[in-house]
Number of protein chains: 2
Amino acid sequence: MSSTGAAPGRGDKAEKPPMRDALVAAAFRLFLERGYEQTTVDDIVALAGVGRRSFFRYFPSKEDVVFPDHERCLADMTAFLAAGSADADPVRRVCDAARLVLLMYAENPTFSVQRYRLTKQVPGLRQYELSVVRRYDRALAGYLRARYAGLRDGILRADVIAAAVVAAHNNALRSWLRSDGKGDAEAAVDHALGHVRASFGAEPAPAVSGGPGDVVVIVSRRGAPLWRVVQELEAALGRG
Amino acid sequence: MSSTGAAPGRGDKAEKPPMRDALVAAAFRLFLERGYEQTTVDDIVALAGVGRRSFFRYFPSKEDVVFPDHERCLADMTAFLAAGSADADPVRRVCDAARLVLLMYAENPTFSVQRYRLTKQVPGLRQYELSVVRRYDRALAGYLRARYAGLRDGILRADVIAAAVVAAHNNALRSWLRSDGKGDAEAAVDHALGHVRASFGAEPAPAVSGGPGDVVVIVSRRGAPLWRVVQELEAALGRG
């Protein structure tokens, strides 16, 4: 787990971890031992051996120490989206941006699973999580709105795709957390995001066998559900 | 605006409105005059001419009086989904369920617009709204999960479609609220939901010109983005 705290001795593995990490570790030890509601910021700073002001330098509130890496991850996501080239496939780009969140969770499975259980028990933390999810959603939608600017229904399309990407990501992430962090989280999220890309778009496939004129013919019954036809189409295009 | 309060004289239009409606009216008058944070439950009951216990009989907290109809709407939505036949198109059903929320807002545009402005100003109300949106999302996803039970990626599909429906609905609803409740909210929401149905599915179209064997042929360039091909497909199928 990385830290934004510039504590001394970061390069020296024999030193104690930076203050920010020490606060997170102390907080979680107390949350698991006593419960979240029963733990005060005073308890946390006493265990970490620092003052209250140090706590609030890193975390605006007790809730923030439960989710210490979302601010960094949101900043990383925003930077990643801004660095995309103008001809990058927009849906692929937001899917790749969503993977950054998964990677943050997968960096430390034990911590992520503990936090998941804690969050399920504390309504205030679930509320906090909803706000964080909303911020990721808005970051993705903001990027897509800019990419779809001027297109008919561009804002609608952006909002719907952002929501679908967040839902697919969270579906896979929560399955992994419920299974105690067992299994391949990245593969699960990639599969879920592939589902969204198949519904909403995909980058132009490289013209392997033909050229730009390479043509696909789909024959479909008129009454077939659209998503089934799209599945056939994906298969024919070698995607999905 | 309907009421769950069983106040006397409901059938008599000359009577004062039921107590629940009187509390909502008093609360909003004070919220707009003094601000949300500056208004207490005591202020509200004093203006409405009732006791504190009456307030808490109808509303668990001050936040709940801002959104007096979501509980009814959630119950209506759950009942509507449960009443659907087993062969109803699932995506169409959740889109129709989402329309119930829009209808609640459109019942009283002035109140809805006032509340929208108030919610934008008060972080606690935005949090409350996120929780409510999450409950609608879960109601839709729960229905879809049951309908897709046993299908490969059924839960993933359910979660993604529910999120897309909620995002499309809220996109149209918020546009309408931002325009001060001018314009046709229902048409805007129907258009947005049509976008989701086009991406994820549609009920089998009635066989107007042909029969079950009526066939559509799509010719597409292999490198074309999938969503463009789907747009062509929709046009060919006479949907969208």
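All chains use their own residue numbering, which begins from 1 and follows the written sequence. Each chain takes a letter, starting from A, and each ligand takes a number, starting from 1, following the order in which they are written. In keeping with the model being predicted, local features are shown solely for residues with a pLDDT of at least 70 and side-chain atom pairs are shown and tallied solely at 80 or more, while totals for entire chains, interfaces and linings include all residues. Based on all heavy atoms of the structure, the side-chain values leave hydrogens and waters out of the count.

## Observations regarding the environment of Val133(A)
Residue and element names in this part refer to chain A. Its location among the elements puts Val133 in helix α8 (residues 123-147). By relative accessible area, Val133 is classed as partly exposed at 21%. Sequence spacing of Val133 and Ala163 is 30 residues, and the spatial spacing of their C-alpha atoms is 9.9 Å. Numbering of helices and strands starts at the N terminus; helices are DSSP runs of H or I of at least 4 residues and strands are runs of E of at least 2. Accessibility here uses a 1.4 Å probe with only protein chains present; expressed as a share of the type maximum, an area under 20% marks a residue as buried, one over 50% as exposed, and anything in between as partly exposed.

## Thoughts on the UniProt feature "DNA-binding region" (unreviewed entry) in chain A
UniProt positions are given in the numbering used here, feature names are shortened, and annotations may be inferred rather than shown by experiment. The residues that UniProt annotates with the feature "DNA-binding region" (unreviewed entry) are residues 40-59 of chain A. As a span, residues 40-59 of chain A carries 75% helix and 0% strand, and end to end its C-alpha atoms are 13 Å apart.

## Some thoughts on the confidence of the model for chain A
Residue and element names in this part refer to chain A. As a per-residue measure, pLDDT tells how confident the predictor is, with possible values from 0 to 100. A residue-level look at chain A finds 77% of positions with pLDDT of 70 or above and a mean pLDDT of 84. Any two residues having at least one pair of non-hydrogen atoms within 4.5 Å are treated as being in contact. Confidence over residues 1-16 falls short of pLDDT 50; this stretch has 23 contacts with residues more than four positions distant or in other chains. Counted against residues more than four places away or in other chains, residues 203-213, with its pLDDT under 50, gives nine contacts.

## Examining empty space enclosed by the protein
All names here are of chain A. Think of a 1 Å grid over the protein atoms and nothing else: a 1.4 Å probe that fits but is trapped marks a cavity, an open set flanked by protein within 12 Å on at least five of seven lines marks a pocket, and residues with an atom within 4 Å of a point count as lining. Grid points are joined across faces, edges and corners, and a volume is the space filled by probe spheres set on the points. Under the defined criterion, the tally for this structure stands at three cavities of 30 Å³ or more. Counted as a void, the largest cavity has a volume near 190 Å³. Together, 17 residues line the largest cavity, and Val101, Val133, His169, Asn170 and Leu173 are the ones closest to its centre. Counting residues per element, the ones that place at least two in the lining of the largest cavity are α5 (70-82), α6 (90-107), α8 and α9 (154-178). Considering every element that reaches the lining of the largest cavity, the biggest residue donor is α9, with six residues. A class-by-class count of the residues in the lining of the largest cavity yields 12 nonpolar, three polar and two charged. Charged residues are taken to be Asp, Glu, Lys and Arg, nonpolar residues to be Ala, Val, Leu, Ile, Met, Phe, Trp, Tyr, Cys and Pro, and polar residues to be all remaining types, Gly included.

## Examining helix α5 (residues 70-82) of chain B
All names here are of chain B. In this scheme, a helix's expected span is set at 1.5 Å multiplied by one less than its residue total. Over its 13 residues, α5 extends 18 Å from the first C-alpha to the last, a length consistent with the 18 Å expected when each residue adds 1.5 Å. When α5 is considered as a whole, its buried residues turn out to be His70, Cys73, Leu74, Met77 and Leu81. Taken around the axis of α5, the buried residues stretch over an arc of 100°, which confines them to a single face. Looking at the buried residues of α5, the elements they touch are α6 (90-107) and α8 (123-147). Here the arc refers to the directions that run from the helix axis out to each C-beta atom.

## A few points about the packing of helix α9 (residues 154-178) of chain B against helix α10 (residues 185-200) of chain B
Residues and elements named next belong to chain B. Think of each axis as a best-fit line through the C-alpha atoms, taken over the contacting stretch in the case of a helix, with angles from 0 to 180 degrees between the N-to-C directions. Between α9 and α10, whose axes approach to 8 Å, the crossing angle comes to 155°. The orientation of α9 with respect to α10, classified from their angle, is roughly antiparallel. In the crossing of α9 with α10, the sense of the turn from one axis to the other is right-handed. Two secondary-structure elements touch here, α9 through Arg157, Val160, Ile161, Ala164, Val165, Ala168, His169, Ala172, Leu173 and Trp176 and α10 through Ala185, Ala188, Val189, Ala192, Leu193, Val196 and Phe200. Orientation is classified from the angle alone, with under 35 degrees giving roughly parallel, over 145 giving roughly antiparallel, 65 to 115 giving roughly perpendicular, and any other angle giving oblique. Note on convention: near helix rotated counterclockwise from far helix by under a right angle means a left-handed crossing. Clockwise means right-handed.

## Here we look at the pattern of salt bridges
Residue and element names in this part refer to chain A. Each reported salt bridge corresponds to a side-chain nitrogen of Lys or Arg within 4 Å of a carboxyl oxygen of Asp or Glu. Within this structure, the stated rule accounts for 31 salt bridges over all chains. Ionic pairing is found between Glu71 and Arg135, a salt bridge with its closest N-O pair at 2.7 Å. One end of the pair, Glu71, is in helix α5; the other, Arg135, is in helix α8, with 64 residues separating them in the sequence. Given a relative accessible area of 40%, Arg135 falls into the partly exposed group. Overlapping salt bridges, with partners in common, bring together Arg134, Asp137, Arg138, Arg145 and Asp159 in one network.

## What about helix α2 (residues 41-48) of chain A?
Residue and element names in this part refer to chain A. Among all positions in α2, only Val41, Ile44, Val45 and Ala48 are buried. Buried residues of α2, viewed axially, fall in a sector of 90°; they line one side. Trailing α2 by a residue or two, Gly49 shows a phi angle of about 75°, which is positive.

## Description of the packing of aromatic side chains
Here is the rule: rings of Phe, Tyr and Trp (six-membered ring for Trp) pair when centre to centre is within 6.5 Å. Planes less than 30 degrees apart are stacked, more than 60 are edge-to-face, and the remainder are tilted. Taken as a whole, this structure holds 15 aromatic pairs over all chains when the rule is applied. When the centroid spacing of 5.5 Å and the interplanar angle of 50° are considered together, the rings of Phe55(B) and Phe59(B) count as tilted. Each member of the pair, Phe55(B) as well as Phe59(B), carries the same accessibility label: buried. A network of ring pairs unites the aromatic residues Phe28(A), Phe31(A), Tyr36(A) and Phe111(A) as a single cluster. Geometry around Phe80(A) places Arg93(A) over its ring, the cationic atom sitting 3.8 Å from the centre. Geometrically, a charge over a ring is one whose NZ (Lys) or CZ (Arg) sits within 6 Å of the ring centre while staying within 35 degrees of the ring normal. Over the aromatic face of Tyr148(B) sits the side chain of Arg157(B), whose NZ or CZ is 5.7 Å from the ring centroid.

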